[in-house]
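# Descriptive analysis of the structure
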Amino acid sequence: MGTAYSTLGARLDVFEMLDELMQGADRDLVEIWQKMNAPRFDNIMLKTKTVGAEAIKAGIEVTFEAAEPGGKTPDPQTYDLVLQAVGRPPNGKKIAVDKAGVAVTDRGFINVDIQMRTNVPHKAVHEGHVAAEVIAGELQGNKELASAAFNARVIPSVAYTDPEIAWVGLTEDQARAQGIKVKKGLFPWTASGRAIANGRDEGVTKLLFDDSPEAHGHGKILGGGMVGTHAGDMIGEVALAIEMGADAVDIGKTIHPHPTLGESIGMAAEVAHGSCTDLPPARK
């Protein structure tokens, strides 16, 4: 939303309690976004809590404190408007579902099984489809429908910013933290004809493949991410590749239309495989 308001001419400060923006996405993708958007923001203050906001004659006076002991506390600032973006806690304890006999955890979550069933018969789009199929199957006596289960391997994430950041499956940061050996294919959009023609070649597409000894050089895709315009429109192909257990050759040999941004996925796979002929010369 900050990038949207900036496009309309607003000057912005960003205050984040954690030590990084966009937690969950790989840092190399976020860094490209930050570099692209640096001119939009007057200040980006990390490790900073917003602790108060008061309407005064001059605007909204906002006060802060350091998120960590010994950290620097910014001076109070006065703004025309304040946009607050926070996480969404589970509301299981607030909607009185316990009165219907539904079990709720101490944190407010409602547990479901692989068929999206609570401890009493009833959850969101794909999960809801599964629950509805199970119910319909039981009512109709259709064993195949009644055995429906939610078994998606991955669920994509998209930051609808400018440029967009999208990722799915294992991230490079997670692989490093978990000691999982991966082979990375990174394709810069500076080598994408479509991105160049669009005047938006700041992006990259990255794919991660299993590089364990057991994979014998033909590891399946474990995750992927991209930053750039329409990244959210393309991440579905990476999710499908993970669901289907594709390797770098499968993706690289899939013919993508040219010139498109989507072909950067095939190119990234070729980079991982070592067969990409479209990379720009290495900088000396």
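Given the structure is predicted, the values throughout are model-derived calculations rather than measurements. (Residues numbered from 1 in each chain as written. Predicted model: local features only at pLDDT ≥ 70, side-chain atom pairs only at ≥ 80, totals over all residues. Heavy atoms only, no water.)

Let us look at unusual backbone geometry. Here the residue pair D162 and P163 is connected by a cis peptide bond, since its omega of 0° sits within 30 degrees of zero. For P163, the position within the fold is in the loop between β6 (157–159) and β7 (164–169). With a phi close to 50°, M22 is a non-glycine residue in the positive phi region. Residue placement: M22 occurs in the loop between β1 (12–15) and α2 (27–37). Non-glycine residue H230 carries a positive phi angle of around 65°. Among the structural elements, H230 can be located in the loop between β10 (221–228) and α7 (231–244). Residue classification places H230 among the partly exposed positions, given a relative accessible area of 47%. (Helix = DSSP H or I, 4+ residues; strand = E, 2+ residues; numbered from the N terminus. Buried < 20%, exposed > 50% of the residue type's maximum accessible area, 1.4 Å probe, protein only.)

Another point: α2. Every buried residue of α2 is accounted for by R27, L29, V30, W33 and N37. Angularly, the buried residues of α2 cover 155° about the axis, an arc narrow enough to put them on a single face. Seen from the open side of α2, the exposed residues pointing more than 90 degrees away from its buried face are E31 and K35. Elements that come into contact with the buried residues of α2 comprise α1 (2–7), β2 (41–45), β7, α5 (172–178), β9 (204–210) and β10. (Arc of directions from axis to C-beta. Contact = heavy atoms within 4.5 Å.)

Just distances and angles here, no functional claims.
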